[in-house]
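The chain contents come next:
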Amino acid sequence: MFSTFDFGVIYRSLSYLFIDGMTFTVTLTAMAATLGLIWGTILALMRLSGFPPLVLFATGYVNLMRSVPLVLMIFWFYFLVPYIGQWITGSAAPIRVGAFMSSLITFSLFEAAFFSEIMRAGIQSIARGQMAAAQALGMNYRTTMSYIILPQAFRNMVPVLLTQTIILFQDTSLVYVLSITDFLGAASKVAQRDGRLVEMYLFAAAVYFIISLAASTAVRRLNRRIAIIR
Amino acid sequence: MNYNWNWGIFWQTSPDGAHTYFQLLLLGTWWTLNTAFFAWIIALTLGSLVGVARTTPNKWLIRFGNAYVELFRNIPLLVQMFLWYFVLPEVVPESIGDWLKQLPNASFYTAVVALGLYTSARVAEQVRAGINSLARGQRAAGLAMGLTQPQTYRYVLLPMAYRIMLPPLTSEFINTIKNSSVALTIGLMELTARAREMQEYTFQVFEAFTAATVIYIIINIIVTEGMRRLERAVAIPGYVGGRAKRPSWRQRWKTRQKWRLRRV
């Protein structure tokens, strides 16, 4: 079966695959994880605020995002973002946003729903006495959250957040449906140009596998370390 | 916003001449559910076997189970679909490869297999966690009673584990339904693909996607509610969330008002 296997095609396209493709994938993953975490934390705080409109909004948002497939969301935002841009800037025609911007917005908003659930669990895992103690010291809500509760919640949840980021890294391959050149997109373009589907897709699978396995092993090790400290 | 809304579009005949767009969306829903259902059967069967293998005392079975889970969990689903669809027919002997390529509904079978194996790794993880969450004494008691290892699993461990696992399995099943949309990349005309097709023919982007979103939400609600009933029916008496009946919303509201505390 490997008699016709052409390693040359992989070697020749390495720079395209990694410099064009993997850079896009990794940048998208990192930025979407950061923005998603920020928005997700805000959503978690809304949900725990006890103020009905905010609770309702956050709950609805999270449930909506979690019941719709990511592929559909990617399509939604691809078409919706230009109109939102037009609405915000007040220009005459829908705004053109690049492929990167569109997918960054999609993944940040989508991933925020999952991060918010994680952060909510993290905040709820902090003993109630901590909140009471901070308030007894005269701290207001904002100071309590930013100095007492959130740092601990975040720290407790680091392994789960990282695992979710690995899932996000794998999910970014779905931007393929918009013909964007991420790592898989690059591999697929070379595969179709040279008629080398077998080599390119096996190589792409191997790369994803190695990166994700290394990352999840590292997270597991980190988890064990944190567990000992606690 | 200069977008022309046209909600009547669903009742117009699509270019295939036979169906309205609404019917096409329903057709897509049918394929989505079909794919998810058969993939779920594969996932549950293989996932249970692999999950059980990982809890046995046999070192080699554990290693095999771990490798299986890592393999299917660390490759994106989309890439796995491509491997089954584009790569597999090329690397098997030519006669089998040709047969695979000429198979009618090839994208459906591929999607079922790819999605089934992908999900089986996740199910295996849940099964392992479920069995490990049981008190250690359960297995020991089963063996002490003279049951063999398979009998212990069949009559003691699994009946408990499956009932504990129901909530995570529910969310895995919903994930399977959602993930079946990835199969549009290999040409399966499921719900998302139908919405996309409708958008391409009519340019009514938002109507098409809204309809698909609503259908997904309805499916989600039905599955969640159905599984909640199943959970209640098979709940283990004495466990958290066991037989005790849930108070009515009016009762819950009263209790909440009575014990109203400032929540963090």
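Student: An account of the overall build of chain A is requested, with residue identities and associated values reported.
Tutor: Counting secondary structure elements, chain A contains nine helices and zero strands. N-terminal to C-terminal, the α/β element order of chain A is α-α-α-α-α-α-α-α-α. Oriented by its inertia axes, the alpha-carbon framework of chain A measures out at about 75 × 55 × 25 Å. Counted over contacts in chain A with a minimum sequence separation of 6, partners at least 24 positions apart contribute 73%.

Student: Just give me the short version of the interface of chain A and chain B, but keep the residues and values in it.
Tutor: With 33 residues of chain A in contact, the opposing surface of chain B contributes 30 residues. Counting residues per element, the ones that place at least two in the side of chain A that touches chain B are helix H4 (70-89), helix H6 (128-136) and helix H9 (197-229) of chain A. When residues of the side of chain A that touches chain B are assigned to their parent elements, the largest contribution, 11 residues, is made by H9(A). Counted by class, the side of chain A that touches chain B contains 26 nonpolar, six polar and one charged residues.

Student: Can you lay out the confidence of the model for chain B for me, pointing to particular residues and giving the numbers?
Tutor: Residues and elements named next belong to chain B. When the pLDDT values of chain B are averaged, the result is 89; 92% of them are 70 or greater. Of all helices and strands in chain B, the one with the weakest mean pLDDT is helix H10 (residues 249-258) (71), whereas helix H1 (residues 21-53) scores best (96). Among the scores for the predicted complex, ipTM is 0.90 and pTM is 0.88.

Student: Lay out unusual backbone geometry with the relevant residues and their values.
Tutor: The phi angle at Ser179(A) is positive, at roughly 55°, despite the residue not being glycine. For Ser179(A), the location among the structural elements is in the loop between helix H7 (141-171) and helix H8 (183-194). Overall, Ser179(A) belongs to the exposed group, with 10 C-beta atoms counted inside 10 Å. Of note, Phe203(B) is a non-glycine position whose phi angle comes to about 65°, a positive value. Along the polypeptide, Phe203(B) turns up in the loop between helix H8 (191-202) and helix H9 (205-234).

Student: So what about the nonpolar core? Which residues, and what values?
Tutor: Ile74(A), Ala187(A), Tyr201(A), Ala204(A), Val79(B), Met81(B) and Ala212(B) are the most contacted members of the largest nonpolar core, which has 118 residues in total. Leave out the neighbours within four places in its chain, and Ala212(B) touches Leu72(A), Leu25(B), Leu191(B), Thr192(B) and Ala195(B).

Student: Which residues make up the environment of Phe75(A), and what values go with them?
Tutor: Mapped onto the elements, Phe75(A) comes out in helix H4. Under the C-beta neighbour-count criterion, Phe75(A) is labelled buried, with 24 such atoms within 10 Å. With residues near it in sequence (within four places) discarded, Phe75(A) still touches Arg196(B) and Phe209(B).

Student: Break down the packing of helix H2 (residues 14-48) of chain A against H8(A) for me, with residues and values.
Tutor: Residues and elements named next belong to chain A. One can describe the packing of H2 onto H8 by two numbers: an axis separation of 7 Å at closest approach and a directional angle of 145°. For the pair formed by H2 and H8, the contact residues are Tyr16, Leu17, Asp20, Gly21, Met22 and Thr25 on the first element and Phe183, Gly185, Ala186, Ala187 and Val190 on the second. Residue composition of the contact of H2 with H8, by class: seven nonpolar, three polar and one charged.

Student: For the environment of His19(B), give the residues involved together with the corresponding values.
Tutor: Take His19(B): it is sitting in the segment before H1. Those residues in contact with His19(B), other than ones at most four positions away along the chain, are Ser14(B) and Leu24(B).

Basis of the calculations
Residues numbered from 1 in each chain as written. Chains lettered and ligands numbered in written order. Predicted model: local features only at pLDDT ≥ 70, side-chain atom pairs only at ≥ 80, totals over all residues. Helix = DSSP H or I, 4+ residues; strand = E, 2+ residues; numbered from the N terminus. Contact = placed C-beta atoms within 7 Å. Nonpolar A, V, L, I, M, F, W, Y, C, P; charged D, E, K, R; others polar. pLDDT = per-residue confidence, 0-100. Buried ≥ 20, exposed ≤ 12 C-beta atoms within 10 Å, placed from the backbone. Core = buried A, V, L, I, M, F, W, Y, C linked by C-beta atoms within 7 Å. Axes fitted to C-alpha atoms, helices over the stretch in contact; angles between N-to-C directions.

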